[in-house]
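Here is what each chain is made of, one letter per residue.
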Amino acid sequence: MVPNESTLKKEFSKRDVQRMRNLITGKSGDRTQVQAGWEKQTQDHKEGDVWEEDGKKWTIKNGIKQSITKLDKLKHLAVLPISCPCCSKPMKVDDLNKKMFSIHQMCFDCVVKMEDKLKAEGKFEDYQKNILNSNKNASLEDFERALDSWLEEKDTFVSEQGDIESWSGGDKQAIHEELKKRIQEWKKQDIY
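Residues numbered from 1 in each chain as written. Predicted model: local features only at pLDDT ≥ 70, side-chain atom pairs only at ≥ 80, totals over all residues. Heavy atoms only, no water.

Colleague: How should helix 6 (residues 172–188) be read in this particular structure?
Modeller: What sets the pattern is the α-helix's 3.6 residues per turn: residues three or four places apart point alike. Given a rise of 1.5 Å per residue, 17 residues ought to cover 24 Å, and the 25 Å separating the end C-alpha atoms of helix 6 matches this to within 8%. For helix 6, every residue scored as buried is listed here: Lys-172, His-176 and Ile-183. Around the axis of helix 6, the buried residues are gathered within 35° of arc, so they sit on the same side. Where helix 6 is buried, its residues meet helix 5 (124–152). (Helix = DSSP H or I, 4+ residues; strand = E, 2+ residues; numbered from the N terminus. Expected span 1.5 Å × (residues − 1). Buried < 20%, exposed > 50% of the residue type's maximum accessible area, 1.4 Å probe, protein only. Arc of directions from axis to C-beta. Contact = heavy atoms within 4.5 Å.)

Colleague: Please clarify how unusual backbone geometry should be interpreted in this entry.
Modeller: Residues apart from glycine generally show negative phi values, whereas peptide bonds are mostly found in trans. Positive phi, close to 65°, is recorded for Ser-88, a residue that is not glycine. Structurally, the position occupied by Ser-88 is in the loop between helix 2 (72–78) and helix 3 (95–104). According to the relative accessible area criterion, Ser-88 is exposed, its value standing at 56%. Even without a glycine there, the phi angle at Gln-105 is positive, about 60°. With respect to the helices and strands, Gln-105 occurs in the loop between helix 3 and helix 4 (108–121).

Colleague: When you look at helix 4 in this model, what are you seeing that I'm missing?
Modeller: For helix 4, which comprises 14 residues, the first-to-last C-alpha distance of 20 Å matches the rise-based estimate of 20 Å (1.5 Å per residue) to within 8%. Turning to helix 4, its buried residues number three or more, namely Cys-110, Val-111 and Leu-118. Looking straight down helix 4, one finds that the buried residues subtend no more than 100° of arc, so they occupy a single side. In helix 4, the exposed positions that point more than 90 degrees away from the buried face belong to Lys-113 and Ala-120. Residues of helix 4 that are buried in the fold lie against helix 3 and helix 5. In the stretch just after helix 4, Gly-122 is the one whose phi turns positive, near 80°.

Colleague: Please clarify how the side chain of Lys-172 should be interpreted in this entry.
Modeller: Within the secondary structure layout, Lys-172 lies in helix 6. Beyond its immediate stretch of four places on either side in the chain, Lys-172 contacts Trp-150, Leu-151, Glu-153 and Asp-155.

Colleague: How should I be thinking about the pattern of salt bridges in this particular structure?
Modeller: Pairs can form between side chains of opposite charge whenever their charged atoms are close. Across all of its chains, the model carries eight salt bridges by this definition. The partner of Lys-123 in a salt bridge is Glu-121, and the shortest N-O contact between them spans 3.7 Å. Between Arg-182 and Glu-178 there is a salt bridge, and its shortest N-O distance comes to 3.1 Å. Of the two residues, Arg-182 and Glu-178 are both situated in helix 6; the distance of four residues between them amounts to about one turn of the helix. Taking relative accessible area as the criterion, Arg-182 reaches 41% and is therefore assigned partly exposed. One connected set of salt bridges, linked through shared partners, spans Glu-144, Asp-148, Lys-180 and Lys-187. (Salt bridge = Lys/Arg side-chain N within 4 Å of Asp/Glu carboxyl O.)

Colleague: Honestly, the packing of aromatic side chains in this entry has me stumped. Any pointers?
Modeller: Aromatic rings considered in pairs are described by the distance between their centres and by the relative angle of their planes. Here the structure, examined in full by the defined rule, presents one aromatic pair. For the cation-ring pair, Lys-65 lies above Trp-58, with the distance from its terminal atom to the ring centre recorded as 4.6 Å. Sitting above the plane of the Phe-124 ring, Lys-119 keeps its charged end 4.8 Å from the centroid. (Phe/Tyr/Trp six-rings, centres within 6.5 Å; stacked < 30°, edge-to-face > 60°. Lys NZ or Arg CZ within 6 Å of the ring centre and 35° of its normal.)

Colleague: Whenever I open this one, the pairing of strand 2 (residues 56–61) confuses me. Can you help?
Modeller: Looking along a regular strand, one sees side chains alternate from face to face of the sheet. Of the strand pairs in this sheet, strand 1 (residues 50–53) and strand 2 are connected by four bridges, and their pairing is antiparallel. Bridging across to strand 2, Val-50 finds its partner in Thr-59. Sheet topology places strand 2 next to strand 3 (residues 64–68); five bridges connect them, and they run antiparallel. Of the residues in strand 3, the one forming a bridge with Trp-58 is Ser-67. In this structure, the hairpin formed by strand 2 and strand 3 is closed by a connection of two residues, where Asn-62 is found at a positive phi of approximately 55°. (Pairing = 2+ DSSP bridges.)

Colleague: Is there a simple way to think about the nonpolar core in this case?
Modeller: The biggest cluster of nonpolar side chains holds nine residues, and these are Leu-80, Cys-84, Met-91, Met-100, Phe-101, Met-106, Cys-107, Cys-110 and Val-111. Those elements that place two or more of their residues in this core are helix 3 and helix 4. Among all residues touching Met-106, those that are not within four sequence positions of it are Cys-84, Cys-86, Met-100, Phe-101, Val-111 and Met-114. (Core = buried A, V, L, I, M, F, W, Y, C linked by side-chain atoms within 4.5 Å.)

What is shown is where atoms sit, not what they do.
Shown next as structure tokens:
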């Protein structure tokens, strides 16, 4: 017999026939063969769950699986949200909103309203003192860390000619202790 164009050149396997039957009967998702093996155990996580997998922390935010890093809190402070968490109005990306959001976690308009309310209640001066003193204390802590690193630095340097020069002058430990004592006194003082 000579094959003509209507004759199939390939035989259908049982799997192909079963797949066609499934498609015709509307059971397109049914299996056509049986496989043996293992499946990885999975856990179902919900919105806001935090878990550890392969040495990494994960969470689900807005339906999306995301890794949790050490810088997430910093990102939260640096990135402006689309709307103010306090009044839900859209936040423009400008210097005033950036500055107020990093300090108060609200838009500039909400900060103005909050400060007006504090002035009406007579609590604004305490609020102002707290802000100024916390800024002063943060600057003093930065200075204190710089002082500690200065104490650990070497006093000898190698010049361009290869000579070792000693730049020590005075008692570093005594200077360090005196400045530490003064920093503690300045922290106790109010600047307002």
